Amino acid sequence: MTPTSPAPIGAPADPAPSALRAIVTGASSGIGAATVRALRRDGWDVIAAARRVDRLEALAADTGARALALDVTDQASVDAFAAEVAASGPVHALVNNAGGAFGADRLADAVTADWEWMYNVNVLGSMRMTRALLPALRDGGQGSVLFLTSTAALAAYEGGAGYCGVKAAQESMARSLRLEEAENNIRVIEVSPGMVNTEEFSLNRLGGDQGAADKVYEGVAHPLTADDVAQAVAFTLNAPHHVNIDQLVLRPLAQAANHKVLRR
């Protein structure tokens, strides 16, 4: 979409050339898609990135974001993406949202392929994207890197060793990067949600078993939604740039802690 094109019905007008520009990975569904919508409503110029281009194009048509194919597990894809983005203007925010969980086995029964997938997408994917976009974020003059982690990074639970591990690794990445990039005027933010009922997360984790996925949220009054998390992401990025919200933890009221969930 060009700056002179009319905005789709219900979408904000295209940003002025001076608008801040954000990249959201994993934008084809769930929290990623909701974050694209939230940032566009706030006037950001947004690049929505993911593998499922058909979904991205529908999101772009609805919001005025730009759709761009990306596979965070493929270095060649990341390099091509970064080159195209850097050539088209400054970058002010990178939202490392691409990720997910696979499997809920105890460590004694851990499936190596599930762990490899989680580390490749969540940890190495965030590393690849951050490393590739840091030059553009520095050049933008006021960059922000946001890691979408989880309360799984804060407390372990049975069957969660793999997922808790990858989210804790992302948390460590954020803390190290904050020390390394403050001198370059780059904020590093971590948003850590608890129970979020999205269309795919639990279903993917539990091998497509819809019944098992439904049980995760059974009896829980008002689990978080993708929009709830997206609003938290937007809040941290819209804060004055001298304000670094190091970590924002959000849970549904019914989840007092990882191990204490109220069910009706």
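Residues numbered from 1 in each chain as written. Predicted model: local features only at pLDDT ≥ 70, side-chain atom pairs only at ≥ 80, totals over all residues. Heavy atoms only, no water.

### Some thoughts on the packing of aromatic side chains
The final tally for this structure, using the stated rule, is two aromatic pairs. The interplanar angle of 45° and the centroid separation of 4.7 Å between the aromatic rings of Phe102 and Trp117 together place this pair among those described as tilted. Of this pair, Phe102 sits in the loop between β4 (93-96) and α4 (112-139) while Trp117 is found in helix α4, placing the two residues 15 residues apart along the sequence. A residue is classified by how much of its surface remains accessible, and Trp117, at 31% relative accessible area, is partly exposed. (Phe/Tyr/Trp six-rings, centres within 6.5 Å; stacked < 30°, edge-to-face > 60°. Helix = DSSP H or I, 4+ residues; strand = E, 2+ residues; numbered from the N terminus. Buried < 20%, exposed > 50% of the residue type's maximum accessible area, 1.4 Å probe, protein only.)

### Overview of the pattern of salt bridges
Using the criterion set out here, one finds five salt bridges in the structure. Here Arg37 and Asp62 are joined by a salt bridge, their closest N and O atoms 2.4 Å apart. On the criterion of sequence distance, the pair formed by Arg37 in helix α1 (residues 30-41) and Asp62 in helix α2 (residues 53-63) is long-range, its members being 25 residues apart. Residue class for Arg37 comes out partly exposed when judged on its relative accessible area of 32%. Under the relative-accessibility criterion, Asp62 is labelled partly exposed at 35%. In this structure, Arg66 engages Glu84 in a salt bridge whose closest nitrogen and oxygen atoms are separated by 2.6 Å. Of the two residues, Arg66 sits in strand β3 (residues 66-69) while Glu84 sits in helix α3 (residues 75-87), which places them 18 residues apart along the sequence. (Salt bridge = Lys/Arg side-chain N within 4 Å of Asp/Glu carboxyl O.)

### Focus: the sheet that holds strand β2 (residues 45-50)
Within a sheet, adjacent strands bond to each other through the backbone by hydrogen bonds, running parallel or antiparallel. Here seven strands make up an open sheet; going across it, the order is β3-β2-β1-β4-β5-β6-β7 and the pairing parallel. Both outer strands of the open sheet, β3 and β7 (247-250), are each paired with one neighbouring strand and no more. Neighbour-to-neighbour, the strand axes of the sheet open up by a mean angle of 15°, direction not taken into account. Bridge analysis of strand β6 (residues 187-193) against β7 gives four bridges, and the strand direction is parallel. (Pairing = 2+ DSSP bridges. Axes fitted to C-alpha atoms, helices over the stretch in contact; angles between N-to-C directions.)

### Quick look at the pairing of β4
Taken residue by residue, a regular strand's side chains alternate between the two faces of the sheet. Neither face of β4 is exposed, since Ala93 and Val95 on one face and Leu94 and Asn96 on the opposite face are all buried. Summarising the sheet, strand β1 (residues 21-25) and β4 pair through three bridges and their orientation is parallel. Bridged to Val24 within β4 is Val95. As paired elements, β4 and strand β5 (residues 144-148) share four bridges and run parallel to each other. Pairing of Asn96 across the sheet is with Phe147, part of β5.

### So, the nonpolar core
Core analysis: the largest hydrophobic core is formed by 35 residues, its most contacted members being Val36, Leu39, Leu146, Val191 and Leu237. Aside from chain neighbours lying at most four places away, what touches Val191 is Leu146, Phe147, Leu148, Thr149, Ser150, Val229, Ala232, Val233, Thr236, Leu248 and Leu250. (Core = buried A, V, L, I, M, F, W, Y, C linked by side-chain atoms within 4.5 Å. Contact = heavy atoms within 4.5 Å.)

### Here's the deal with the environment of Gln170
Note that Gln170 resides in helix α5 (residues 161-181). In sequence terms Gln170 and Asn122 are 48 residues apart; their C-alpha atoms lie 7.4 Å from each other. Every residue in contact with Gln170, bar those within four places of it in the chain, is listed here: Asn122, Ser126, Phe147, Leu148 and Thr149. Among the polar contacts listed, one links the side chain of Gln170 to the backbone oxygen of Asn122, at a separation of 3.1 Å. Polar contacts involving the side chain of Gln170 include one to the side chain of Ser126, which spans 2.9 Å. (Polar contact = N/O pair within 3.5 Å; in protein donor to acceptor, adjacent residues only side chain to side chain.)

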